[in-house]
Amino acid sequence: MKRGLPKIRMAVARLKKHSGNPSSVASAPAANAAAGTAATQVVINSDDPAWAHCFCPDATKKHWLVCKYCDKLLKAGITRVKYHLAGIKGNNVKKCEKVPPPVRDEMIAQLTKKIEEKDQKAKEKQMD
Ligand SMILES: [Zn+2]
């Protein structure tokens, strides 16, 4: 029965090691958010590059985001902001008229990547 304790200590040591490693934070954003959201209010999913192009005007409404380029308020979260910036129609969002082309390209690349990841995950699920 005494074997349980060292095991727990090892797990704690491992956790501490992890929290000090920035690369592990990037690979586990969900765990990081759960531990850190209490102190930070407005920034959610701060590892998402789209946050550089919008801000949250009301900390109590985290899915409300204002585009930095055209000041448009989007009430449906960061993904909608990406579609807005990417200028992709058909997602219930108007495209941004003032986004710089490099930012637009970046958002398009991100959305494409996301879709590919989703496809990949769907395929993996089917294989299970
Ligand atoms: Zn905009």
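This is a predicted model, so every value here is computed, not measured. (Residues numbered from 1 in each chain as written. Predicted model: local features only at pLDDT ≥ 70, side-chain atom pairs only at ≥ 80, totals over all residues.)

(A) Region of the structure containing the sheet that holds strand S1 (residues 54-55). Pairing is antiparallel in the open sheet, where three strands are placed in the order S1-S2-S3. In this open sheet, the two strands that pair with only one neighbour each are S1 and strand S3 (73-74). Two elements, strand S2 (residues 65-67) and S3, share two bridges in a ladder whose sense is antiparallel. The partner of Leu65 across the bridge, within S3, is Leu74. With respect to the sheet, helix H4 (residues 78-86) is in contact with S1, S2 and S3, its orientation differing from that of S2 by roughly 15°. (Pairing = 2+ DSSP bridges. Helix = DSSP H or I, 4+ residues; strand = E, 2+ residues; numbered from the N terminus. Contact = placed C-beta atoms within 7 Å. Axes fitted to C-alpha atoms, helices over the stretch in contact; angles between N-to-C directions.)

(B) A look at the nonpolar core. Formed by Ala50, Cys54, Leu65, Leu74, Val81, Tyr83, Leu85, Ala86, Val93, Cys96, Val99 and Met107, the largest nonpolar core amounts to 12 residues. Considering each element in turn, this core owes the most residues, four residues, to H4. Apart from the residues within four sequence positions on either side, Val81 is in contact with Ala50, His53, Cys54, Leu65, Cys67 and Leu74. (Core = buried A, V, L, I, M, F, W, Y, C linked by C-beta atoms within 7 Å. Buried ≥ 20, exposed ≤ 12 C-beta atoms within 10 Å, placed from the backbone.)

(C) Quick look at H4. Three or more residues of H4 are buried, namely Val81, Lys82, Tyr83, His84, Leu85 and Ala86. For H4, the elements touching its buried residues are S1, S2, S3 and helix H5 (101-127). Two residues or fewer past H4, Gly87 is found with a positive phi of approximately 75°.

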